[in-house]
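Structural features, examined
In case you want the letters, here they are:
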Amino acid sequence: MFRTALALILALAGPASATQEYILPTLFDVSGVAPDDVLNIRAEPNARAAIIGTLAPDATRIEVVEERRGWARVNTGEGTGWISARYLSYRVDVWQPGQLPPAFRCLGTEPFWDAKVEGDNLVLRSPENQGGDRRAVRAVLDTGVFRDPSRVVVAQDMTLFSHPQICSDGMSDRLFGLSAMLVLHGEQPSMLSGCCTIQP
């Protein structure tokens with residue numbers, strides 16, 4: 001009976017101790033493509049779908065927002081497409097505890113807005129305010145889960161929430177891997193919604 005119980009405990013402990021390699025969205029580098037070739041971006045996740053773009057054999061820091069049966073969804077131009085995941089290697093330097101990837105940026109429509117951390121400030125821009133409303137960042141919070149992209153940026157009078165979820169900007173055919181909510185504090189608090197990207 002003791003051996004049976006011990007075997008059960010070890011069986012249950014096995015998967016829990018495994019570390020997940022990555023959580024989307026994250027960045028990848030093209031790998032395994034011949035120097036004189038390209039990696040095709042296809043309209044659908046299959047090898048017979050129309051080619052809508054290409055990536056260079058040495059392309060780096062490609063944002064993947066979704067995976068499906070060995071294919072990875074990426075944005076190209078104003079649209080989205082699929083590349084074979086077998087030619088991608090994930091980067092381990094993207095989601096660091098308490099930090100944001102350098103290219104992290106959130107945007108939304110109705111109304112149009114754009115927010116990103118620049119230096120020690122969270123900067124909110126709009127068509128009416130191209131210079132931006134700058135607020136000091138007090139903290140960048142994460143969940144504590146290994147490589148979880150969820151983040152909260154706490155700034156003076158503004159708090160930006162982002163979490164993994166397929167998201168549309170409402171203006172193009174692109175799809176993003178992070179959904180965003182920006183809460184504006186003050187006498188009349190308000191909330192803006194949108195998407196975030198980490199694509200350089």
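A brief look at the structure comes next.

Calculation criteria
- Residues numbered from 1 in each chain as written.
- Predicted model: local features only at pLDDT ≥ 70, side-chain atom pairs only at ≥ 80, totals over all residues.
- Heavy atoms only, no water.
- Buried < 20%, exposed > 50% of the residue type's maximum accessible area, 1.4 Å probe, protein only.
- Helix = DSSP H or I, 4+ residues; strand = E, 2+ residues; numbered from the N terminus.
- Pairing = 2+ DSSP bridges.
- Disulfide = S-S within 2.5 Å.

Another point: the pairing of strand E15 (residues 175-184). Two faces make up the sheet, and in a regular strand the side chains alternate between them. Of all ten residues in E15, eight are buried; the element is thus mostly enclosed. Pairing of strand E14 (residues 158-168) with E15, which is carried by nine bridges, proceeds in the antiparallel orientation. From the neighbouring strand, Ser168 faces E15, where its bridge partner is Leu175. Taking the residues that link successive antiparallel strands as the turn, the E14-E15 hairpin has six residues, and the phi of Gly170 there is positive, at about 75°. Judged from the seven bridges that link them, E15 and strand E16 (residues 190-197) form a sheet pairing that is antiparallel. Residue pairing in the sheet places Met181 in a bridge with Ser193 of E16. The hairpin turn running from E15 into E16, its antiparallel successor, is five residues long, and Gly186 in that turn takes a positive phi close to 125°.

The subject of this paragraph is the state of the cysteines. Across all of its chains, the model carries two disulfides by this definition. Put simply, Cys106 and Cys196 are joined by a disulfide, and their sulfur atoms are 2.0 Å apart. Residues Cys106 and Cys196 share a disulfide whose torsion about the S-S bond is about 95°; that sign makes it right-handed. Taken together, the residues Cys106 in strand E9 (residues 105-108) and Cys196 in strand E16 connect sequence positions 90 residues apart. Of the two residues, Cys106 and Cys196, neither departs from the other in class, the shared state being buried.

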